[in-house]
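This is what each chain is made of:
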Amino acid sequence: MNAFLLAALALVDAAFAGFRAYTGRDGRIRKSRRALLAARRGLAVGAPALLLSTSLAVTLLVTDADRGARYAQLDAAAHRMLLCYAPYAVIVALSLGCYLWGPFRAGTLAVVVGLGPLTLVRPLVVLAGAVAAAWGSLPAASVAAVAAVGVLLVEPVVHRRWYGEPV
């Protein structure tokens, strides 16, 4: 269950990373179609990154002599990651809800106080989750490192591929 929750968080984060790469590039007020396209682009980059870390975890699991112990180790690492990521995800979701469905002033406050600073600390939260997952297990550390790098690369790749400034 922990692995599925982490995968869901990674895919949602990838969609938001695509959206963040696009935000501010277009002066139109109504840009929901383009925002959805940006989110799909984030998913297109994030899904293969998720597949890479999943493949590593499955390989470690299948090639181990004691699969039960390895599974317990990886599941415990996933649980430690979730303990780091879940509070952050809840705060982001509340800020995003306020931004999308609150009155104009509340939405502005949500961006200034919530979403803006949360975007800045996101790499630290990802790193904290990877370190927590890696605690005491080299195989879990390798999966956590691949997952963290994959999550953190989605936005720069989307930005560079689709929204980079001309040289």
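Just so we're clear, the structure is a prediction, and the values are computed from it rather than from any experiment.

Asker: Looking at this model, I keep getting lost on helix α2 (residues 32–63). Mind explaining?
Answerer: In an α-helix, one turn spans 3.6 residues, which is why side chains three or four residues apart end up on the same side. For α2, which comprises 32 residues, the first-to-last C-alpha distance of 46 Å matches the rise-based estimate of 46 Å (1.5 Å per residue) to within 8%. Close packing links the buried residues of α2 with α1 (2–22), α3 (67–101) and α5 (138–163).

Asker: What am I meant to see in the confidence of the model for the chain here?
Answerer: A low pLDDT means the predicted coordinates there should not be read in detail. Scored by pLDDT, the chain has a mean of 86; 93% of the residues are at 70 or more. Element-level mean pLDDT values for the chain span from 84 in α1 up to 93 in α5.

Asker: Would you take a moment to explain α3 for this structure?
Answerer: Along α3, the sharpest kink reaches roughly 35°, centred on Tyr85 and followed within four residues by the proline Pro87. Lining the buried residues of α3 we find α1, α2, α4 (104–134) and α5.

Asker: How do you make sense of a nonpolar patch on the surface when you look at a structure like this?
Answerer: Together, Tyr99, Leu100, Trp101, Leu109, Val111, Val112 and Val113 line one region of the surface with nonpolar side chains, adding up to about 770 Å² of accessible area. Secondary structure elements with two or more residues in the nonpolar patch: α3 and α4. No other element matches the four residues that α4 contributes to the nonpolar patch. Assessed through its relative accessible area of 57%, Val112 is described here as exposed.

Thresholds, definitions, all that
- Residues numbered from 1 in each chain as written.
- Predicted model: local features only at pLDDT ≥ 70, side-chain atom pairs only at ≥ 80, totals over all residues.
- Heavy atoms only, no water.
- Helix = DSSP H or I, 4+ residues; strand = E, 2+ residues; numbered from the N terminus.
- Expected span 1.5 Å × (residues − 1).
- Contact = heavy atoms within 4.5 Å.
- pLDDT = per-residue confidence, 0-100.
- Bend = angle between axes of the 7 residues up to and from the residue.
- Patch = residues over 30% accessible without salt bridge, like charges linked within 9 Å, V, L, I, M, F, W, Y side chains within 5 Å.
- Areas by Shrake-Rupley, 256 points an atom, 1.4 Å probe, with all protein chains shown as cover.
- Salt bridge = Lys/Arg side-chain N within 4 Å of Asp/Glu carboxyl O.
- Buried < 20%, exposed > 50% of the residue type's maximum accessible area, 1.4 Å probe, protein only.

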